[in-house]
Amino acid sequence: MRSARAGQIVVALAAAAVLAFAVLGDDEYTQHLLMWTALNAVLAVGLRFMLLVGETNIGTGAFYGMGAYMGAICTTKWGLPFPLALLAGGLLAIVVSTGFGLVTLRTKGPYFMLISFAFTEVVRLIYTRVEWLGGNSGIIGIFPPQALDPWMSVLTFLLCGGLILMMYLCEQSNLGRVFRAIQNNDAVVETVGIDVVQIKLVCLVIASFSVGIAGSLHAHIYNVISPGDFSYLVPVFALAYIKIGGDANVMGAVIGAAILTVLAQMLQGMGSLEHVLFGGAIVASMLVLPDGLLGGGRRLLRLFSRGRA
Amino acid sequence: MTAPLLVAQAISRRFGGILAVNDFSFEIQPGEVMGLIGPNGAGKSTTFNVISGFYKPTTGKLTFLGEDITGLSAAAISRRGLVRTFQHGSLLREMTVHDNILIGALRAVRDNSGREMRVRETAALLGLGGLLHATAGSLPHGLQRMLSIAIAFAARPKLLCLDEPLTGLNSTEAVAALEVIGRIRDEYETTILLVDHNMRVVMRICDRIAVLNYGQKLAEGTPEEIRNNPDVIRAYLGDGE
Ligand SMILES: Nc1ncnc2c1ncn2[C@@H]1O[C@H](COP(=O)(O)OP(=O)(O)OP(=O)(O)O)[C@@H](O)[C@H]1O
Ligand SMILES: [Mg+2]
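Below is a summary of the structure that appears in this document. The structure presented is a predicted model; accordingly, all values stated were derived computationally and were not measured.

Definitions and cut-offs
Residues numbered from 1 in each chain as written. Chains lettered and ligands numbered in written order. Predicted model: local features only at pLDDT ≥ 70, side-chain atom pairs only at ≥ 80, totals over all residues. Heavy atoms only, no water. Near = heavy atom within 4 Å. Polar contact = N/O pair within 3.5 Å; in protein donor to acceptor, adjacent residues only side chain to side chain. Areas by Shrake-Rupley, 256 points an atom, 1.4 Å probe, with all protein chains shown as cover. Helix = DSSP H or I, 4+ residues; strand = E, 2+ residues; numbered from the N terminus. Nonpolar A, V, L, I, M, F, W, Y, C, P; charged D, E, K, R; others polar. Axes fitted to C-alpha atoms, helices over the stretch in contact; angles between N-to-C directions. Contact = heavy atoms within 4.5 Å. Pairing = 2+ DSSP bridges. Phe/Tyr/Trp six-rings, centres within 6.5 Å; stacked < 30°, edge-to-face > 60°. Buried < 20%, exposed > 50% of the residue type's maximum accessible area, 1.4 Å probe, protein only. Lys NZ or Arg CZ within 6 Å of the ring centre and 35° of its normal. Donors = N, O, S within 2.8 Å, 3.2 Å for Na, K, Ca; no water. Buried area = accessible area lost by both parts, 1.4 Å probe. Salt bridge = Lys/Arg side-chain N within 4 Å of Asp/Glu carboxyl O.

Now for the site of ligand 1. Residues and elements named next belong to chain B. Taken together, 14 residues are adjacent to ligand 1, and Gly 41, Lys 44, Ser 45, Thr 46 and Gln 87 come closest. Here an oxygen atom of ligand 1 and a backbone polar atom of Ser 45 are 2.8 Å apart. Burial of ligand 1 by the surrounding chains reaches 64%, relative to a free accessible area of 640 Å². For the shell around ligand 1, the element with the most residues is helix H1 (residues 44–51), which contributes three residues. Grouping the constituent residues of the shell around ligand 1 by class yields five nonpolar, seven polar and two charged.

Okay, structure coming up:
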């Protein structure tokens with residue numbers, strides 16, 4: 001109990017520090033690093049959200065991409081205001097994930113994973129074939145309004161933080177308990193009158209909405225998108241963030257996203273060595289810290305306090 | 001006589017080449033404890049799966065409280081008041097005793113304070129009152145069996161179907177469990193369908209017993225009638241030798 005409260009305080013302080021930096025800092029590169037981290041954190045928390053019901057949703061990549069394409073179209077083709085472009089990314093993800101879920105959520109485990117993988121790749125192929133969406137080269141010149149330029153990192157931080165907070169609160173509620181129960185034993189959940197497929201659908205839609213909004217943000221932060229940005233690799237990386245940070249709670253996913261985003265930037269420009277080192281770092285941390293950095297830290301803390309007692 | 005709670009009319013369930021349940025008809029009256037017995041593989045658990053909506057019957061019709069429930073989902077049947085447990089005791093291993101029982105109460109009780117009361121009352125009834133914060137998977141076997149009943153009973157079903165609730169319990173635990181089942185029937189006016197292999201127990205607690213053999217009903221009647229039924233004696237003692 002007490003450690004949970006202490007954890008909340010630490011998280012709040014860290015968030016305040018990052019926010020202050022986003023407002024006050026003027027180093028453009030670091031600001032971008034902050035925004036990439038925030039986007040990756042939403043991806044990791046969104047992927048983890050469906051892991052709560054026991055499903056690995058590779059479709060996370062597809063819904064992120066849909067949000068990005070929708071946002072890009074709203075801004076570049078339809079001239080809609082930026083907030084609408086963000087919202088549209090989330091709404092499209094809601095609509096498509098509802099349809100996708102109704103068809104696929106009767107499957108589970110490896111079957112659902114494979115179907116969601118195929119879905120992501122098919123959606124990506126569609127982008128490459130449709131001229132209107134820019135084909136292989138994608139869409140360029142996706143800019144937020146100029147007046148927002150100095151505020152983009154703050155906005156990104158707040159929006160992504162809000163989405164993560166929403167998913168965190170869902171997890172803490174009775175809905176989150178039902179998620180965990182489904183992961184433990186879905187037959188028991190069904191016997192007490194709860195529609196498992198319906199709950200999984202709610203879970204999928206909430207996660208997809210979050211990831212869809214983040215996708216639209218992505219388009220406006222990178223200013224360029226192409227089909228290759230939204231392959232199955234998106235959720236695979238998100239899974240690495242979760243595993244490295246620790247999957248016991250939301251903060252693990254956020255910390256993992258921060259560390260690997262920064263690491264990937266540091267390793268960039270090392271050519272093919274980049275991927276080797278990146279992969280090596282993931283493998284090494286999995287071997288040394290099977291329950292992630294957060295789990296490792298907790299064990300260290302326990303060891304320490306036992307030593308004193 | 002009052003209207004029966006559950007009517008199964010000629011239900012069958014086929015798995016590929018085998019008829020696990022074959023043309024089985026029975027009725028359960030409100031307030032009674034009905035026993036379902038039979039040798040291994042007779043089709044008892046399959047019958048449970050069919051009446052609770054986990055399997056669709058291949059043929060036949062199910063009526064619960066006068067409503068046709070054939071083909072409804074397990075969740076929908078549960079919400080109408082028919083809740084079952086699993087033979088191998090099912091619980092939410094990584095969650096606390098409290099959260100296990102809460103999941104059982106979630107659909108049945110609409111407000112949070114009501115749910116908490118329901119959890120406490122149910123836990124106390126099943127001897128889990130002091131263990132609300134324990135993790136389900138860490139409980140000893142006997143208490144895990146009690147918890148799987150607690151989850152089902154937290155929904156306060158009209159018909160509670162227990163698939164071998166006493167398996168693996170020592171004799172003290174079995175006596176305690178039987179007493180609890182008796183209280184669930186008497187104090188909460190719950191109708192019970194019970195499968196168990198312990199003949200003495202079944203004979204003692206059940207008002208009526210149906211005997212299954214190779215998926216078909218072999219006999220039905222009071223414990224006294226079943227005990228003296230030559231077909232039943234042959235199925236249990238004769239066939240193998
Ligand atoms: N899902 C299934 N797929 C194929 N066959 C099944 C399935 N479920 C049960 N069976 C078969 O149906 C028959 C009846 O099984 P069931 O589990 O209903 O018996 P039971 O009376 O509960 O036995 P026990 O006393 O061992 O629990 C068995 O031959 C079993 O192998
Ligand atoms: Mg059985």
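Next comes the rest of the write-up.
A few words on the packing of helix H3 (residues 97–105) of chain B against helix H5 (residues 141–153) of chain B. Residue and element names in this part refer to chain B. Two elements in contact, H3 and H5, have axes whose closest approach is 6 Å; the angle formed by their N-to-C orientations is 35 degrees. Residues Val 97, Asn 100, Ile 101 and Gly 104 of H3 form the contact with H5, whose participating residues are Leu 147, Ala 150 and Ile 151. In the contact of H3 with H5, the residues fall into five nonpolar, two polar and no charged.

Backbone-to-backbone hydrogen bonds pair the strands of a sheet. The strands run either parallel or antiparallel. Residues and elements named next belong to chain B. In space, the six strands of this open sheet follow the order E6-E7-E8-E3-E9-E10, with mixed pairing throughout. Two strands bound the open sheet, and with one partner strand each, they are strand E6 (82–84) and strand E10 (216–221). Going from strand to strand, the sheet's axes swing by 15 degrees on average, the running direction of each strand aside. Bridge count between strand E3 (residues 33–37) and strand E8 (residues 191–195): four bridges; the pairing is parallel. Paired with Leu 36 across the bridge in E8 is Val 195. Along the sheet, H1 makes contact with E3, E6, strand E7 (159–163), E8 and strand E9 (208–213), crossing E7 at roughly 150 degrees.

In this section: the packing of aromatic side chains. The full count for this structure, using the stated rule, is 15 aromatic pairs over all chains. An angle of 35 degrees between the planes, with centres 4.7 Å apart, marks the rings of B:Phe24 and B:Phe26 as tilted. Using a relative accessible area of 1% as the deciding quantity, one classes B:Phe24 as buried. Cluster of aromatic residues (ring-pair linked, three or more members): A:Phe63, A:Phe100, A:Phe112 and A:Phe119. For B:Arg13, the ring lying beneath its charged end belongs to B:Tyr55, and the centroid distance is 5.0 Å. Positioned over the ring face of B:Phe54 is B:Arg84, at 5.3 Å from the centre of the ring.

Residues and elements named next belong to chain A. By secondary structure assignment, the location of Leu 51 is in helix H2 (residues 28–51). Each C-alpha atom of the pair Leu 51 and Arg 180 lies 9.1 Å from the other, and the pair is 129 residues apart in sequence. If near-sequence neighbours (up to four positions away) are discounted, Leu 51 is found in contact with Thr 56, Gln 183, Leu 239 and Ile 242.

Turning our attention to the coordination of the magnesium ion (ligand 2). For a metal with four tetrahedral donors the ideal donor-metal-donor angle is 109.5 degrees, while six octahedral donors give ideal angles of 90 or 180 degrees. Residues and elements named next belong to chain B. Looking at the magnesium ion (ligand 2), the protein donor atoms are Ser 45 (OG) and Gln 87 (OE1), and they sit 2.0 to 2.1 Å from it. Placement of the pair is Ser 45 in helix H1 and Gln 87 in the loop between E6 and H3, with a sequence separation of 42 residues. Judged by its relative accessible area of 25%, Gln 87 falls in the partly exposed class.

Counting from both sides, the interface comprises 26 residues of chain B and, opposite them, 15 residues of chain A. By the criterion of area lost to chain A, the three top residues of chain B are B:Leu92, B:Met95 and B:Ile103, representing 25% of everything that side buries. Linking B:Asp99 and A:Arg177 is a salt bridge whose minimum nitrogen-to-oxygen distance equals 3.0 Å. Scanning the region where chain B abuts chain A turns up nine residue pairs in polar contact (both at pLDDT 80 or more). Every element with two or more residues in the side of chain B that touches chain A is listed here: helix H2 (74–79), E6, H3, helix H4 (112–125) and H5 of chain B. No other element matches the five residues that H3(B) contributes to the side of chain B that touches chain A.

What follows covers the pattern of salt bridges. In this structure the tally under the stated criterion is 19 salt bridges over all chains. A:Lys200 serves as the salt-bridge partner of A:Glu55, at 2.9 Å between the closest nitrogen and oxygen. Of this pair, A:Glu55 sits in the loop between H2 and helix H3 (60–76) while A:Lys200 sits in helix H9 (residues 196–222), and the two are 145 residues apart along the sequence. Residue A:Glu55 shares its accessibility class with A:Lys200, and that shared class is buried. Here B:Arg234 ties to B:Asp231 by a salt bridge, and the two come within 3.4 Å at their closest N and O atoms. One end of the pair is B:Arg234 and the other is B:Asp231, both in helix H9 (residues 230–238) and three residues apart, which spans about a single turn. Its relative accessible area of 34% is what places B:Asp231 among the partly exposed residues. One salt-bridge network, in which partners are shared between bridges, spans B:Glu32, B:Arg208, B:Lys217 and B:Glu220.

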